[in-house]
Amino acid sequence: GAVVSQHPSRVICKSGTSVKIECRSLDFQATTMFWYRQFPKKSLMLMATSNEGSKATYEQGVEKDKFLINHASLTLSTLTVTSAHPEDSSFYICSAPPGLAGNEQFFGPGTRLTVL
Amino acid sequence: GNSVTQMEGPVTLSEEAFLTINCTYTATGYPSLFWYVQYPGEGLQLLLKATKADDKGSNKGFEATYRKETTSFHLEKGSVQVSDSAVYFCALSLNTNAGKSTFGDGTTLTVKP
């Protein structure tokens, strides 16, 4: 089946620094990828839709200047958390629909971000 | 708009017990329905899906039937195992939405030996 990878799986950074998370579709091309944030009570919050070759579409309440998304190619989207603060600590997950009938998504394994 | 409501957890069962996790939805169109599973420390994996009314999705002993009349997609398994312990998410997706999905809040299942 389709595979989506994320890197890094875990990152610890100091407050005020920026962190980049990569999401790759390994065996299919994805013109669209999605970025989620998962809170401790396990609910998934859609942050933005990453569009290859154009600007990302952010959900209401998500700061686009803080969470920079770049979809540089048909297999790679990046999420950069800029000037990270402890409240940004979370589990970030990306996904991509492989374009199959039924619109399921394939998820990356997630990135655990801890901001000290 | 679109929404998914699923049974609140946590759910704790003994091994070999019967499992039901309820899921209902509202949608502006004709959605595809999914159950995803998340094991500890991992991303989500597709467990099963159904794309039209009365379809039954099944995988690893889990089943769910797309009920349009009750707008439901309840997840069932006849005999759970310890390895089924995970968080289960019900979700819907509209064909017009380029794969964008709406998720329920997730239900944590713990199966004890």
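What counts, and where the lines are drawn
Each chain carries its own residue numbering, running from 1 in the written order of its sequence. Each chain is given a letter, starting from A, and each ligand a number, starting from 1, according to the order in which they appear as written. The model is predicted, so local features are restricted to residues of pLDDT at least 70 and side-chain atom pairs to those at 80 or more, both for listing and for counting; the totals for chains, interfaces and linings are taken over all residues. Values shown for side chains rest on all heavy atoms present in the structure; no hydrogens or waters enter the calculation. Every residue pair with non-hydrogen atoms within 4.5 Å of one another is taken to be in contact. A simple way to read buried area is as the amount of 1.4 Å-probe accessible surface that goes missing from two parts once joined, with both sides added. Salt bridges are defined as contacts in which a side-chain nitrogen from Lys or Arg sits within 4 Å of a carboxyl oxygen from Asp or Glu. Distance and chemistry together define a polar contact, namely a pair of N or O atoms within 3.5 Å, with one atom able to donate a hydrogen and the other to accept it when in protein, and with adjacent residues in sequence counting only for side-chain atoms on both sides. Strands here are runs of E lasting at least two residues and helices are runs of H or I lasting at least four, both read from the DSSP assignment and numbered beginning at the N terminus. Any residue outside Ala, Val, Leu, Ile, Met, Phe, Trp, Tyr, Cys, Pro, Asp, Glu, Lys and Arg is labelled polar, Gly included; the first ten of those are nonpolar and the last four are charged. The classification of residues rests on relative accessible area computed with a 1.4 Å probe and restricted to protein chains. Under 20% of the type maximum is buried, over 50% is exposed, and intermediate values are partly exposed. Between any two strands, pairing holds if DSSP finds at least two bridges.

(A) Focus on the interface of chain B and chain A. Tallying the contact residues gives 25 residues for chain B and 21 residues for chain A. Here chain B packs against chain A, burying approximately 1,600 Å² in sum over the two surfaces, 54% of which is carbon and sulfur. Run the count over chain B and chain A and you get one salt bridge. In this structure, Glu104 of chain A engages Lys49 of chain B in a salt bridge whose closest nitrogen and oxygen atoms are separated by 2.5 Å. At the boundary of chain B with chain A, the tally comes to five residue pairs in polar contact (both at pLDDT 80 or more). Broken down by secondary-structure element, the contributors of at least two residues to the side of chain B that touches chain A are strand E5 (32-38), strand E6 (44-50), strand E10 (86-93), strand E11 (101-103) and strand E12 (107-112) of chain B. At four residues, E5 of chain B tops the list of elements feeding residues into the side of chain B that touches chain A. For the side of chain B that touches chain A, a count of residues per class yields nine nonpolar, 12 polar and four charged.

(B) Structural context of the pairing of strand E2 (residues 10-13) of chain A. Residues and elements named next belong to chain A. The two faces of E2 differ: Val11 and Cys13 on one face are buried, but Arg10 and Ile12 on the other face are not. Where E2 meets strand E11 (residues 111-115), four bridges bridge the pair, whose relative direction is parallel. Each bridged residue has a counterpart across the sheet, and for Arg10 the counterpart in E11 is Arg112.

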